[in-house]
Amino acid sequence: MNVPLLDLSEQNRDLRPEIEAALGRVLDTNGFILGSEVKALEEELAEYCGTKHAIGCASGSDALLLALMALDVQAGDEVITTPYSFFATVSAITRLGAVPVFVDIDPDTYNLDVGQIESKITERTKAIQPVHLYGQCADMKALREVSAKHKIPLVEDAAQAIGAEENGVRAGAMSEVGCFSFYPSKNLGGMGDGGFMTTNDDDLAEKLFALRVHGSKERYYHKWVGLNSRLDGFQGAVLRVKLPHLDSWSDKRKANADLYRELFTDSGLGEQLGLPFERENVRHIYNQYVVRVPGRRDELRSFLTEAGIGTDIYYPVPLHLQECFEYVGYNLGDFPESEKAAQETLALPIFPELKPEQQKFVVSRVLEFFDN
Ligand SMILES: *Cc1c(COP(=O)(O)O)cnc(C)c1O
């Protein structure tokens, strides 16, 4: 049996007639950049996230950059964030000449340890940027309290968390700006790069709509210096076909996570593996299903690769230890939980179309590994 980490072929096969028809509409109308499909998608996304506005852009990475630009983050300003995330979380900050100020993660959720934030706030702190890693919201209630007390805006990196909820409120609706990605491996993936931002603030929305088109509200008149970061019509059309299925796909991922928990626990591996921790009152959308394997992660990974099971590591190097961020001045040992997670985490297949037999196969191979 072969169990890939992610396989989109079944999903694409089922939707192919609808996708082809949608692409045909774009061809017929020449709406290649933004256009009516993107406009309609933006309205549907705002409704989905429960926000006043949704603004399409070229990628999740650009969404983060545009959000910080809209909040007027400048060279020398500080942005508090996590070192345990995808690269773009931090490159968005440094691209503006701003300084990433890291706070370590909570070892259970892999998200920002909010209790450590206040001691890092200075006069230069311009934003706090939590990440909803693997599809579970950071502790937004606590983050909003810190944000309100110090009057510092929040930017959610919700690239892995579309549809995730805390106390019934969706990711992207709990901050000044929410940032999302349509990278094909996300729960709502396009057929190329894409992303969007959400906000409830009319002024920020106006600025974000302008910043993605070189900072112009009216063509050739530039109020700000923005980017060329637009979502294309083909992506808009494809994503509109997929969006109505998103909740059932995310529910399927959650059901797969529940089955893994049951199977691993029944096999006596529940403790050994460090299964995902779900906070109370959240909806976890399981963009990734990540276990912890203290001491033997790389060994297990090779064993599973040999057995035909796809895995990956998110992420092997915490961002404060990346070569390109050496100049910021952090060292090995500064964020022990992030460093430990980078050594121990392993992502297993969790995509919606995964079959119970495939999950049982994964669990049986993991069991075999630990039995030897
Ligand atoms: C995917 C991802 C991004 C970047 O999205 P792209 O669309 O690939 O640019 C940013 N942050 C996190 C946490 C991500 O997972």
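Residues numbered from 1 in each chain as written. Predicted model: local features only at pLDDT ≥ 70, side-chain atom pairs only at ≥ 80, totals over all residues. Heavy atoms only, no water.

Asks: Before we move on, can you summarise the packing of helix α10 (residues 297-306) against helix α12 (residues 356-371) with the specific residues and values?
Replies: As a packed pair, α10 and α12 sit with axes 10 Å apart at the nearest point and diverge in direction by 130°. Considering the angle they form, α10 stands oblique to α12. α12 is crossed by α10, and the crossing has right-handed handedness. Along its contact with α10, which presents Glu299, Leu300, Phe303 and Leu304, the element α12 presents Arg365, Val366, Glu368 and Phe369. In terms of residue class, the contact of α10 with α12 is made up of five nonpolar, no polar and three charged. (Axes fitted to C-alpha atoms, helices over the stretch in contact; angles between N-to-C directions. Helix = DSSP H or I, 4+ residues; strand = E, 2+ residues; numbered from the N terminus. Parallel < 35°, antiparallel > 145°, perpendicular 65-115°, else oblique. Left-handed = near helix turned anticlockwise from the far one by under 90°. Contact = heavy atoms within 4.5 Å. Nonpolar A, V, L, I, M, F, W, Y, C, P; charged D, E, K, R; others polar.)

Asks: Give me the lowdown on helix α3 (residues 60-70), citing residues and values where you can.
Replies: With respect to burial, α3 is a largely interior element, ten of its eleven residues being buried. Every buried residue belonging to α3 is among Gly60, Asp62, Ala63, Leu64, Leu65, Leu66, Ala67, Leu68, Met69 and Ala70, and all of these are buried. Where α3 starts, the residue carrying a side-chain oxygen 3.3 Å from the main-chain nitrogen of Ser61 turns out to be Ser59. Trailing α3 by a residue or two, Asp72 shows a phi angle of about 65°, which is positive. (Buried < 20%, exposed > 50% of the residue type's maximum accessible area, 1.4 Å probe, protein only. Polar contact = N/O pair within 3.5 Å; in protein donor to acceptor, adjacent residues only side chain to side chain.)

Asks: Before we move on, could you go through a nonpolar patch on the surface and cite the residues and values that matter?
Replies: The grouping of Leu27, Phe32 and Ile33 at the surface amounts to a nonpolar patch, some 290 Å² of accessible area in total. With respect to the helices and strands, Ile33 occurs in the loop between α1 (9-29) and α2 (35-49). (Patch = residues over 30% accessible without salt bridge, like charges linked within 9 Å, V, L, I, M, F, W, Y side chains within 5 Å. Areas by Shrake-Rupley, 256 points an atom, 1.4 Å probe, with all protein chains shown as cover. Salt bridge = Lys/Arg side-chain N within 4 Å of Asp/Glu carboxyl O.)

Asks: Pulling in residues and values, what's your account of the domain arrangement of the protein?
Replies: The domains assigned to the protein are domain 1 (9-244) and domain 2 (246-371). For domain 1 and domain 2, the distance between their C-alpha centres works out to 24 Å. Each partner contributes to the interface: domain 1 provides 48 residues, whereas domain 2 provides 38 residues. The contact between domain 1 and domain 2 buries some 3,800 Å² in all, and 55% of this surface belongs to carbon and sulfur atoms. In this structure, the connection of domain 1 to domain 2 is made through four salt bridges. The tally of links from domain 1 across to domain 2 stands at 32 residue pairs in polar contact (both at pLDDT 80 or more). Among the elements of the structure, α1, α4 (88-95), β3 (99-102) and β6 (165-166) are those that each provide at least two residues to the side of domain 1 that touches domain 2. Split into classes, the residues belonging to the side of domain 1 that touches domain 2 amount to 25 nonpolar, 13 polar and ten charged. (Domains from an automatic or database assignment. Buried area = accessible area lost by both parts, 1.4 Å probe.)

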